[in-house]
Every structure is written in structure tokens, then in C-alpha cells.
Amino acid sequence: DGADEPSCLAQQRLVPAFCNTLDPFRLLGAATISHVRLGGYDYLFAANFWDGLRREVDSVLYDFDATTDLLAFRQALPAVGAKVWKSFEMGGHDFIAVLSYLGASTVYRWDSVGRMVDLGSAVVVNASGAVDVEHWAMPYLDANGTEIETFHYLAVASSNPDGTTLSSIYRITADDSYPRTATLVHTLPVARARAVLHFIQGGASYLVLALNSTLPSLLFSVSAPDASGFVEVSEVQSLQTEYAVALDYVESVAPYLLVTQKDGATLLLRWDGHRFQGPTTTLTRPKDAAGGQDLLASDGSSSARLFRVNRTGSGSGSERKDYILVGNSDGAALLQGGLDDVEALAGPSALALNGSRVWVASRRACAILAFQRDTVSGRLIWTRLGGYYSNLTLAQHLRDATVEDLRGEGVSLYSGPPAEHEQDLWRFGYPLQGVESLAVSPDGTRVFAASSVDHALAVFTVHPSTWRLTLTQVLRDREVRGGHVLDGLAGAARVTVSGSAIYVAGWADRAVALFEQVDGEVVFVDRVKEGERIFAMFSDTVPTAPPPPPGALPARLGAGAPWALTARDSEAFSIDGVLMLAVASSDVAPGSIGGAATIYRWKASAFELVQATEGDAGASSLAYFQITRDDGVEHYLAVGNSHSQPTGANGINVHRWDPALARFSPHHTVPPHAHSPGMECTVALSLLDVRGAPFLVAGNARDASGCDAPSYVYAWDDAHVRAPGGAGAPRAKGFEVVDQIDTYYGADVMLLPAGTLPSIATPVLLIADWRGPPGQVQENLGQVMILGFDPKATRPANSDSPIQLIPSFGAYSLDVFTIPGVGTMLAIANRQVTRPFSDGDYSVYDQ
């Protein structure tokens, strides 16, 4: 491709028949030759750039018969300095783009009947110095995600000697099978481009431009088109290349970009989900370790291609399928992808990290494998003599040579206890049958494994140099250790470590077990199991405090106080960064005394009692909320009382946080409804903030003690005032009743935000009406009411027009949750009407 090189035609004058072998093919100074398959036929396109004397050289289309390897001339296309052909599909029809460096680039219709380029259908692409082109299509979607139109684009890489020509993006349109327009939609700030490549990852569209200069190649993101077909282009990454001349892309074990450098090594870059990573070095951060490599097949290349070969036959599963062909002036090199060999990695089920060490549990092989991450290459290297291999691993999953190497290194191969009745247990992989989870101690000296089949926690020590794991303890469900029955390990599914504490989730036991590392031994401490009511869960947002000493938990809150043995509801919240816990503590018996809403703050490593509210002897339910004012945030706690007190007060008391006193003070008592048939005995509360306006729903009870009221909906009213403590007390703002729901016993209420239930635009109110009035055939025949909640309506709940009524036998508690792929679910807990016969019936909660 230089002016001083003799052309074929010039040599023809000097040496007759010099070009005879090339004449049938008309191959004169081809810049590129590319293959395409159209309509079931194979073709080769040759872009002729220069014949030695001139640039006005026809490019050529050939027929290629893959069965006979025969090539035949089919058509010549006029072009000036042609660089590349590109075929693409648009609207079900094929088109051909011919890129010319010195003349006009052109898009043609492909004549599928005549099997040639329709030269009368040309659309000009006004791109100067065009050297490469990429096509892609992108749909335009409306606000509902419906596809309105599909736009087609050509990205043209351009270059010229003085570096003034920029690359560009064109939108291509067609009318039936004929190209119509090529409209410039974006000019890229890239000069001296040599190649362009388009790919899609994670639903996003990207362009790569290779720069034939000392400047780095560039990666751009391309936005979805607007209604006119315009796209936004943003630079994502500078690729550290010099004189890049070709690009290729393939998805293998990961997406890879191949960059050919004219004067340097060919680069294989690996996509990490956001950008391309190059060869790793000692400075590579761990998160960037999954990088690529330098392919030193040649010092400088003209082209390189990634491709895959699907091989069949015996043993094909282990044969390599990824190849790279790198070409230069001296010839070509074929590189083959490779994978490291690993044994006993059958059914990997869990992993744990510690520095550059990676522990991997193999469920089917009943083993734990040790790997090391190479900080330079990023590769995971299997440490054959490390890890732990059970008897099943040794017998079925390791090669004989590996077993012999283990013995040769003096590794103790565990055979199990001498007791004959336990030999089969160890023979089949105990204690790693069904290994589900791994964890590492903070200092890296121990590895813990949870096994769902063996119902056990296995404890291993780590050899500091060989990484060999030595089994030191097996803690199995229902075994007796230190006078305690180990419980909560049935179906052990997860293990995690926090400091010296070890937590194991027992799936079959429906439990969480707690262990402590004490003097080099793992000791059972406690477990929480289904049947012990966990009535609230929350995140501790205060700085981590030292854990309490072993045996300090579980502990009762407020031991010795009259309300310490009762808990009917709780609410966790934060005030000024301090974790707070409110507990509604009272006996359910009407007229009982001594109850209260108790408030705790987290301090050091335990909850500290702040106060027990007055006037809440029947505390049954809680609702915490905030109101933002110009001068700060106000904190409130609403307490529902389920029965009357000696003072005659009942219903709902609202308390406000006093920053000066660091405690809650009475704010107001929600006034009873003027038409309530009896006392309002609140057993459930639910609060929803709608654009800064709190709404409170109270589930009320009816019983023989005088409680006789429906459930009510309240709205916070800043416009009205009342005297909460008599005529002389400060006047305050608060809740006003805005709706009532005819329930007999509103045992549970849930006021959920808009969007919780698909297709329901408003918030939703759910009420568990526990039972019907006395005298009906089945007193516990109640219902669950699902109501649309319109905050702007006069009656927000509008119980006269429910969304749905679900009959139930004793609906007492509700929960709404979502299962991906299934939908939104409602769980209803039904309970008996009769109270437990004696206090001993509650003992399940104190096991």
C-alpha cells in the first residue's frame, strides 16, 4: 500500500503473464477480505484499495463453495480507495455498506434473487476518510415500555493524515428493501480511528474505537434513542493502547475485547461488568483482578481474530474451544485458550475468603478445597495439599496420584472413629455431607463448615504454610456438650462469624444457634427457635458495641418490674442517632394494673431502661412517627390500650419526645368518638405517613368488660387544637377521627403504602377481624378486610366498598410479602378463642 511498490499492471508490462493467476479474481491491493453468508450462500467481499497506480479500483464480490473450496468471481463494484465491506439486516432485508477512504461510502440493497449488489439502489454516507464501520439496531420504547420503532445505525471510524477527520454515527432508513437515507446523528470526538466495534452488555449499548496513534483507544456508552432516533454518546473508559489497528469481541467464560497493536503486543481485555480490565500487575486492586493478558505471539500485528470451535466426540467436554488467530508480516500464530485442572470440585456450594486465600466447599465430593489468588495474574491456583478431603473424597473424587502425594507429604488422612457402627457415617463423607456454608475466623486460623445432611458444625484449624485443614471439632445437633443439649443445628444451612461469635442457621430446626470461641474451643451458648416469639426485628444503626460476655444472653428487659413478663408489641426507632426500643407491656386481663409502654435505649452492650409511661396500664400496641417542622424533627409514640384503667382512661395516648428531659412526655389522648357504643379498647395500631401527613388506624376490641367500639381511622390535624390536660393545660395538635370500620374485634391492622398491591393505585388497609359477636354458631368465624385507602377522601377507608373480604376462623395476625416470580402474598395467622389453661401453657416461649 505504498507509492513505491510495483503494481501488478506495471509488472505485467515488464513480465508477460505476471498477473495471469490473479486476473480471474481481480484482486488488486485489497485492504480487507471478509466472509458473509446471505440467503444460504457463502460469499467473499474484497475491498480493493490501490492497484499500484491509482485508487479508483473496483471492489469484488466472489462466490465461495465451502464444500469444494472453490472461489468464483461474481460482481465488481466501483469504489475509490475501498477499505471494508459490511453486510447487515434491516427490516428483514439484507444491505451492503462499502466504506471508501478517498471517495463516498455507499449503502446498497442486496438483490437476494440475483444474488448480487443492486448498484442502482445506492445511498451515500458522507463520511470522509472512512476506514471501518459497525451496524446495530436499537428500539424506541414509549413510557409503558412498548416498542414503537426500531432505529438502525452505522458507526463510521474515520482517519486522515493530519488528524482532522472525526468519526461519526449515522441513522440509516429503508423503504421496504431499498435504502433511503443516511442521516448524521452524532460526531464523535475521535480522530485517527482505525477500527470500530459495537457490543451490548447488561442491556446497555457500547462502542469501541481503536486509535492508530499514541492516544488511548476509547470506550463509549450509547443511550437508547429518543422519538427522532437521536442517541447520546458518553465516554466510559480510556483503553491503554498505542497504534491500535483492529478490534474483535467474543463472549466466552466472560466477554473479551481483542485489540491489535501495530507496534506492540496484542491485548486481550476482560469485561468486569462496567469496563474492560487489562493484564494484572502487583498494583492491581483485588476488585479488578479478573483481567486480561498480553498475547506475545508477535511484537506488533496487523490483525487478530477471536473464534470458537465446537468440538464433538469422546472427551469433548475437556477439550479447548476458544482460539485466537494473530497475523503479522511474518505469518500467523494460532493461540488456544486453556483452563486449570482441579479435582474434587464436584457441586461447589459455598466459599469463604481470607486475604488471597479462597476456601471452596464441594457438596458432592464432601470436601473443602483451598485456592490462592495470584495477585499478578488474578488466577485462582488450586493448592492440592491444602484444604480437607473426607473419606468419600479420597475414594471417589481424587486421582490416585493426588492421594499418593498427600500420603507422601505426611498428611493425615482421616478415617473416622474406631466404633464400627460409625464407620459408614465417616465413609460417606461425614461431617461434610450436604455442606452448605463456610466461614473463616477473623484471624484466618479457623474454618467453619455447616452441613445440612449431617446436621453439624465442623471446626477446622488452618496450617499456616500448607493451608491444610485439620478437623478439631464436630458439633452435632442433639449431642450433649458441657451439660447442654446442642440444638438448632438440624439442617444447618448457613454459618457466619462475628468476632468470637459463630452463628448457625438450622433450616430444619427453624432456629439460629450461637457459639463462642473460648480458649481455643467452640462452645455452644444459646439458640433461638420457632415457638419463641420474635415480635420485632431491627437494624442497629449505632456504632458497634462490644458483645456481652458468654451467658449474658438471652436476658429479660426490666427484670423485677410488674410488666417484665409481658410483651404485646414493640417498635424500634432511632432518635438523634441513638437506637431506641419501645415495648407495650401489660396483661391481657381487663382491669389489670401495672402495665406500661416501656422505653429503652441501647448503651454500651445492652438496653437501658429510660422510662415506663404513665396512663398506659393496658398498653397493647405501638406506632412511632415523626413530623418535620421548620425548626427540626418532632418524635411521637402512640400507645394503644386494650382495657380500662383505674382512672377510667383507655384508647390511645400520644407521647412526644422532650429533648431537654431525654424522655417521652404526654402530648394528648385521642378523644373517643362521640357515637362509640362503649369504651374504645385498642388492640392494634398501624401508621402510614402520606406526604408528611400521618394517618393512624386503630383496631378496637369488643368484650364483656365494656369494650364496645368499631375500629377507627385518624388523621393528624395541625389546624385544630385541644386541651390534653384540662382547660389550663397547653393546647396541642393531634389526631382526629376521620372514618370508622365496622369490626367486632380488630386484632391486627396494616396500613400499606401505594404500590404494595399490584394494580391498586392507592394505599391499602388490611384488617383482621378476629371473631364475630357472641351467639353466632362459631364465635371465631371472622374475616380479613382489604380496603382501598384514599387519603384525600372524606372517608379514606371506605369500608362500604371493600376490595376483598376473606372469611377466616380466628384471623389474628397478618403479613404481606413478595415472592419473586410468584407475586404478592398475604399470610393470615388464625388462633383459638380460648385462652391458655394455665401459665404453664406459655412455657414453649421460654425454652
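It should be noted that the structure appears before, not after, this text.
Source: prediction; values computed, not measured.

Asker: Even after reading the chapter, I still don't get the state of the cysteines, so can you show me in this structure?
Answerer: Among covalent bonds in proteins, the disulfide is the one between the sulfur atoms of two cysteines. Applying the stated criterion across every chain, the model contains one disulfide. One disulfide bridge connects Cys681 with Cys707, the sulfur atoms lying 2.0 Å from each other. Across the disulfide from Cys681 to Cys707, rotation about the S-S bond amounts to roughly -80°, and the bridge is consequently left-handed. Residue Cys681 is found in strand S47 (residues 681-690), and its partner Cys707 is found in the loop between strand S48 (693-701) and strand S49 (711-722); the two are separated by 26 residues along the sequence. Considered together, Cys681 and Cys707 belong to a single accessibility category, that of buried residues.

Asker: Hey, could you run me through unusual backbone geometry in this one?
Answerer: Residues other than glycine predominantly adopt negative phi, and peptide bonds predominantly adopt the trans conformation. Cis peptide bonds are those with omega within 30 degrees of zero, and the linkage from Tyr430 to Pro431 qualifies with 5°. Tracing the backbone shows Pro431 in the loop between helix H4 (423-427) and strand S29 (435-440). Not every positive phi belongs to a glycine, and Ala344 is a case in point at roughly 65°. Here Ala344 is to be found in the loop between strand S24 (331-336) and strand S25 (348-354). On the basis of relative accessibility, which here comes to 7%, the residue Ala344 falls in the buried class. If you check the backbone angles, Cys366 has positive phi at about 50° while not being a glycine.

Asker: I would appreciate a short explanation of the pairing of strand S55 (residues 811-819) in the present structure.
Answerer: If a strand is regular, its side chains alternate between the two faces of the sheet. Relative to strand S56 (residues 823-830), S55 runs antiparallel, the two sharing eight bridges. Bridging across to S56, Asp815 finds its partner in Ala827. Hairpin geometry of S55 and S56 is characterised by an intervening segment of three residues between the two adjacent antiparallel strands and by a positive phi of about 85° at Gly821.

Asker: Hey, could you run me through empty space enclosed by the protein in this one?
Answerer: Empty space left among the atoms is revealed by rolling a probe the size of a water molecule over them. Under the counting rule described, the total for this entry stands at one cavity of 30 Å³ or more. In this model, the largest cavity occupies a volume close to 30 Å³. As for the largest cavity, its lining consists of Ala97, Val98, Leu99, Ser105, Thr106, Val107, Val125, Leu154 and Val156. Put simply, the parts of the chain that give the lining of the largest cavity at least two residues each are strand S6 (93-100), strand S7 (105-111) and strand S10 (147-158). Class assignment for the residues of the lining of the largest cavity results in seven nonpolar, two polar and no charged.

Asker: Would you explain the environment of Gln611 in this entry?
Answerer: Tracing the chain through its elements places Gln611 in strand S42 (residues 606-612). Separated by 53 residues in sequence, Gln611 and Phe664 have C-alpha atoms that sit 8.0 Å apart. The residues touching Gln611, leaving out its near neighbours within four places in the chain, are Ala597, Thr598, Ile599, Arg663 and Phe664. Of the polar contacts made by the side chain of Gln611, one reaches the backbone nitrogen of Phe664; its length is 2.5 Å.

Asker: For this particular structure, what's the right way to read the pattern of salt bridges?
Answerer: For the coordinates displayed, the defined rule picks out 19 salt bridges. A salt bridge links Glu436 to Arg363, with the shortest nitrogen-to-oxygen separation between them at 2.5 Å. Linking Glu436 in strand S29 with Arg363 in the loop between strand S26 (357-362) and strand S27 (367-373), this pair joins segments that are 73 residues apart in sequence. By relative accessible area, Glu436 is classed as partly exposed at 21%. Taken together, the shared-partner salt bridges in this structure form one network comprising Arg629, Glu634, Arg656 and Asp718.

Asker: What is the right way to look at the nonpolar core in this model?
Answerer: In summary, soluble globular proteins display a tendency toward joint burial of nonpolar side chains. Counting 25 residues, the largest nonpolar core has Trp359, Ile368, Leu438 and Phe460 as the members making the most contacts within it. Residue assignment for this core shows that the elements contributing at least two residues are S25, S26, S27, S29, strand S30 (446-451), strand S31 (456-462) and strand S32 (469-476). The dominant element in this core, judged by the number of residues it contributes, is S31, at four residues. Formed by 21 residues, the second largest nonpolar core is a distinct cluster that contains Phe151, Ile169, Ala193 and Val233.

Asker: For this particular structure, what's the right way to read the environment of Leu581?
Answerer: Counting through the fold element by element, Leu581 comes out in strand S40 (residues 578-585). Relative accessible area serves as the criterion here: at 8%, Leu581 is assigned to the buried category. As a C-alpha pair, Leu581 and Ile599 span 18 residues in sequence and 5.8 Å in three-dimensional space.

Asker: Before we go on, may I ask you to explain the sheet that holds strand S28 (residues 380-389) in this structure?
Answerer: Within a beta sheet, neighbouring strands are joined by backbone hydrogen bonds and run either parallel or antiparallel to one another. Pairing is antiparallel across the open sheet formed by four strands, whose spatial order is S25-S26-S27-S28. Both outer strands of the open sheet, S25 and S28, are each paired with one neighbouring strand and no more. For this sheet the average axis-to-axis angle between neighbouring strands, irrespective of direction, equals 25°. Bridge count for S25 against S26 is six bridges, and the pairing is antiparallel. Looking at the pairing, Leu351 lines up with Val360 of S26.

Asker: Explanation requested: the sheet that holds strand S14 (residues 204-211) in the structure shown.
Answerer: Spatial strand order, S13-S14-S15-S16: four strands in an open sheet with antiparallel pairing. Looking at which strands have only one partner, the edges of the open sheet turn out to be strand S13 (193-201) and strand S16 (233-239). In this sheet, adjacent strand axes meet at a mean angle of 25° when their direction is disregarded. When strand S15 (residues 217-222) meets S16, the two strands line up antiparallel, connected through six bridges. Each bridged residue has a counterpart across the sheet, and for Phe220 the counterpart in S16 is Glu235.

Cut-offs used in this document
- Per chain, residue numbering runs from 1 following the sequence as it is written.
- Confidence filtering applies because this is a predicted model: local features only for residues at pLDDT of at least 70, side-chain atom pairs given and counted only at 80 or more, and all residues used for totals across whole chains, interfaces and linings.
- Water and hydrogen atoms play no part in the side-chain values, which are based on all heavy atoms of the structure.
- To count as a disulfide, a pair of cysteine sulfur atoms needs to be within 2.5 Å.
- Here a helix means four or more residues in a row that DSSP labels H or I, a strand means two or more in a row labelled E, and each is numbered from the N terminus.
- Remark: exposure states derive from per-residue accessible area (1.4 Å probe, protein chains only) relative to the maximum for the residue type, with buried under 20%, exposed over 50%, and partly exposed in between.
- Two strands qualify as a pair provided that DSSP identifies no fewer than 2 bridges between them.
- Cavities and pockets were defined on a 1 Å grid built from protein atoms only: a cavity is a group of points that admits a 1.4 Å probe but offers it no way out, a pocket is an open group of points flanked by protein on both sides within 12 Å along at least five of seven lines, and a lining residue is one with an atom within 4 Å of any such point.
- Grid points are joined across faces, edges and corners, and a volume is the space filled by probe spheres set on the points.
- Note on residue classes: Ala, Val, Leu, Ile, Met, Phe, Trp, Tyr, Cys and Pro are nonpolar, Asp, Glu, Lys and Arg are charged, and everything else, Gly too, is polar.
- Whether two residues touch is decided by their heavy atoms; if any such pair falls within 4.5 Å, the residues are in contact.
- Polar contacts, as counted here, are pairs of nitrogen or oxygen atoms within 3.5 Å of one another; within protein the pair requires one atom able to donate a hydrogen and one able to accept it, and residues that are adjacent in sequence qualify only if both atoms are side-chain atoms.
- Definition used for salt bridges: Asp or Glu carboxyl oxygen within 4 Å of a side-chain nitrogen of Lys or Arg.
- In this text, buried Ala, Val, Leu, Ile, Met, Phe, Trp, Tyr and Cys residues form a nonpolar core when linked through side-chain atoms within 4.5 Å.
- Helix axes use the C-alpha atoms of the stretch in contact, all axes being lines fitted to C-alpha atoms, and the angles between their N-to-C directions lie in the range 0 to 180 degrees.

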